[in-house]
Structures are given as C-alpha cells and as structure tokens.
Amino acid sequence: MISPRASITALVLIGGIFATHSFRPKDGAWLQHPLSEFPSAIGVSQGEDRPYENQVVQAIGADDYINRVYVGSIPPIELYIGYYQDQRSGDSIHSPKNCLPGSGWVPVHSSRLQIGSMDGVPVIVNGYLVAQGARQDMVLYWYQSHERIVASEYWAKFWLVADALKHRPTDGAIIRVWTTAADGEATAQARAVDFARQVYPQVAELLPN
C-alpha cells in the first residue's frame, strides 16, 4: 500500500513536471553579479579557484558556478556554488544526496543543522559525514533562491512549482561546503557551520531578488 507521504511526493513531482514546462515567467532572472565576484576572502581564509573539467561542467549543467578552496589558518574548506537560471529548460540542480555515492563517497550519517536565521526564520541546511575508504569528510549543502534557503529536495521542488505557477522565474542555486573530518567530526562540523554562516548572506547579495 502506498503511504500518504509517498503519494504527496509523487503528486508534487508530477505537478512540477507539468507546471515547470507549461508556465513561463513574465521576466527572466539573472544574477546581480557573476559568481566570480563572490568574495575571495572569508574570515582569515583566502579562496583559490579550482575550475572543473569541461565534461564535469557539462554534466552539472549550471549556467554559472564557482568551485574554490579557501585556505588559511584552519584546514581547507571547499565551496561550490552552482546557479541555474531556468530549471524548466532541462537543466536542474543535482542533489549531492545522489551525486556523492556516484563519486565514491558513502554517507555515514546525515542531519539537519541550523547555521543562522533570515528575518527571524531559522536557516537549516543538510549536514553529511561521508567516507571514502578510511577518509572521512564533512559536507554541508542547501538550496537558495528568492530570499529562501531550504535543505529539503522536496521543498526545493515545491517552491520551484509554486514560482512557475505564479509566473515567477524558476532560477535557483545550490551551495555546498566541504571540509576534512580528519580532526574529528565535531570539529569539522563546527568549522563548516561557521564558514557556511558567513557564506549564505554573501550568496544572497548575488542572487536575483
């Protein structure tokens, strides 16, 4: 017997396919500034661009992206931001939940973490401890668009459908923070959360309102 949750999820996905292909926004959306202008310094760390190979760029399908490693007085932190101008065109955000196992990283466990608040609303993101052999890393990621930050893939899809139905742009971004957990899971999580707390307001400055 199909559970109510599964039924609702299926309806949202089916509705999303219909809505995102049937409704067009009055105006397109684009970044207020290219992602390359994202601050190269976060706290005491300085960013070094690590662009992906062409086949990876084609696979992720983002209209703009940055992949940087921030180095400083703490273990390095990798920041990836991928922006999609129109998610109805066939290119949509790839969830790390699906991509990580495909690239050889096995989720050890996951959680939802609060990294701040926006207008009194808690900012909740995904936290994953992942492993590849004996190595363990900490990964945080979230979806950000139209002054919204969500962790759930289902809620990201819901807002995509809602925006399409209201003839609003269906752009969006995914932000991923990655760091080693060699110094301990708790230390790595605290480091990633502190970094992410400084990142999301800067992302909001670049995204369309």
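Computed from a prediction, not measured in an experiment: that's the story for all the values here. (Residues numbered from 1 in each chain as written. Predicted model: local features only at pLDDT ≥ 70, side-chain atom pairs only at ≥ 80, totals over all residues. Heavy atoms only, no water.)

A. Up close: the pattern of salt bridges. Across all of its chains, the model carries seven salt bridges by this definition. For Arg 50, the salt bridge is made with Glu 48, and the minimal N-O distance between the two is 3.1 Å. By relative accessible area, Glu 48 is classed as partly exposed at 37%. For Asp 183, the salt bridge goes to Arg 191, with nearest N and O atoms at 2.7 Å. Using a relative accessible area of 34% as the deciding quantity, one classes Asp 183 as partly exposed. (Salt bridge = Lys/Arg side-chain N within 4 Å of Asp/Glu carboxyl O. Buried < 20%, exposed > 50% of the residue type's maximum accessible area, 1.4 Å probe, protein only.)

B. Region of interest: the packing of aromatic side chains. All told, the structure shown has eight aromatic pairs when counted by the stated rule. Residues Tyr 52 and Tyr 65 carry aromatic rings whose centres are separated by 5.5 Å and whose planes lie at 10 degrees to one another, so their mutual orientation is stacked. Taken together, the positions of Tyr 52 in the loop between β2 (45–49) and α2 (54–60) and Tyr 65 in strand β3 (residues 64–71) put the pair 13 residues apart, joining distant regions of the chain. Since its relative accessible area comes to 19%, Tyr 65 is described here as buried. You can call Tyr 52 partly exposed: its relative accessible area is 24%. Here the aromatic residues Tyr 52, Tyr 65 and Tyr 80 are joined through ring pairs into a cluster of three or more. (Phe/Tyr/Trp six-rings, centres within 6.5 Å; stacked < 30°, edge-to-face > 60°. Helix = DSSP H or I, 4+ residues; strand = E, 2+ residues; numbered from the N terminus.)

C. Up close: the nonpolar core. Phe 38, Leu 79, Ile 115, Leu 140, Trp 142 and Val 177 are the most contacted members of the largest nonpolar core, which totals 33 residues. Of all the secondary structure elements, the ones that give two or more residues to this core are β3, β4 (77–84), β5 (106–118), β6 (121–132), β7 (135–145), β9 (172–180) and α5 (185–206). For this core, the element with the highest residue contribution is α5, accounting for nine residues. In this structure Ile 115 touches Val 123, Val 125, Leu 140, Trp 142, Val 193, Ala 196, Arg 197 and Tyr 200, once residues within four positions along its chain are discounted. Counting residues in each nonpolar core, the second largest holds 16 residues, with Ala 62, Leu 100, Tyr 128 and Tyr 141 among its members. (Core = buried A, V, L, I, M, F, W, Y, C linked by side-chain atoms within 4.5 Å. Contact = heavy atoms within 4.5 Å.)

D. Structural view of the pairing of β2. Relative to β2, strand β1 (residues 41–42) runs antiparallel, the two sharing two bridges. By the bridge assignment for β2, Ala 41 is matched with Gln 46. Hairpin connection, β1 to β2: the antiparallel pair is bridged by two residues, and Gly 43 has positive phi, about 60 degrees. With four bridges connecting them, β2 and β3 associate as antiparallel partners. The partner of Glu 48 across the bridge, within β3, is Val 69. (Pairing = 2+ DSSP bridges.)

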